[in-house]
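# Secondary and tertiary structure notes
The lines below spell out each chain.
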Amino acid sequence: MENSLKRDVAYIAGRIINNKSSSSVYDYADGTYYYLSGNISPSSISIYDYQDGCYISGSGNRNSYSLFHYGTSNHVSLKTEGNKFSGYDYGSGSHYSGTVNNNSISLYDYSASQYYNYSI
């Protein structure tokens, strides 16, 4: 799973689960804030990633979304349940999962067998 896709998925999952807006996501791996904006509704997502200069958007039904990341040209699924999220990255052919606790987000990328931490 590419780094920009992980960041954007973590940002979206954090916003959905916390039901709040945020203008950035902090990536603990490189100590950088990445700025994003856009809308998340029960039926659609449209987010702009200023770092990559691209959108990630798609549709869904409140807890399950099918998304496309225009920067990586990848389809990705995203499901949320309580404070947990999971999905599949069609670009890398692997699953991911994670948890959201307040503003902290932990994402496990099965293709890298590694955790990645973010905050919004």
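A short tour of the structure in this document, coming up. Treat the numbers as computed from the prediction; the structure is a model and nothing was measured. Sequence positions are assigned chain by chain, starting from 1 and proceeding in written order. Owing to the predicted nature of the model, reporting of local features is limited to residues with pLDDT of at least 70; listing and counting of side-chain atom pairs is limited to 80 or more, with chain, interface and lining totals taken over all residues. Heavy atoms throughout the structure, all of them, feed into the side-chain values; hydrogens and water do not.

## Section: unusual backbone geometry
One non-glycine residue, R62, adopts positive backbone phi at about 85 degrees. Its place among the elements puts R62 in the loop between β4 (54–60) and β5 (64–69). Residue R62 is classed as exposed on the basis of its relative accessible area, which comes to 54%. For S73, which is not glycine, the phi torsion reads 55 degrees and is therefore positive. Each helix is a run of DSSP H or I of at least 4 residues and each strand a run of E of at least 2, with the numbering of both proceeding from the N terminus. Among the structural elements, S73 can be located in the loop between β5 and β6 (74–81). Burial classification: accessible surface area is computed with a 1.4 Å probe over protein chains only, and a residue below 20% of its type maximum counts as buried, one above 50% as exposed, and the rest as partly exposed. On the basis of relative accessibility, which here comes to 52%, the residue S73 falls in the exposed class.

## Description of the packing of aromatic side chains
Two rings from Phe, Tyr or Trp (for Trp, the six-membered ring) form a pair when their centres are within 6.5 Å of each other. A pair whose planes differ by under 30 degrees is stacked, one over 60 is edge-to-face, and the rest are tilted. By the definition in use, this model includes nine aromatic pairs. A centroid spacing of 4.8 Å and a plane angle of 85 degrees characterise the contact between Y26 and Y28, whose relative ring orientation is edge-to-face. Under the relative-accessibility criterion, Y26 is labelled buried at 18%. Judged by its relative accessible area of 48%, Y28 is partly exposed. Seen from their ring centres, Y108 and Y110 are 4.8 Å apart, and the 85 degrees between their planes marks the pair as edge-to-face. The class of Y108 is buried, set by a relative accessible area of 18%. Judged by relative accessible area, Y110 falls into the partly exposed class, the value being 46%. Ring pairing ties together the aromatic residues Y26, Y28 and Y33, which thus form one cluster. By definition, being over a ring means that NZ of Lys or CZ of Arg is both within 6 Å of the ring centre and within 35 degrees of the ring normal. Lying across the ring of Y34, R7 places its NZ or CZ 3.7 Å from the centre.

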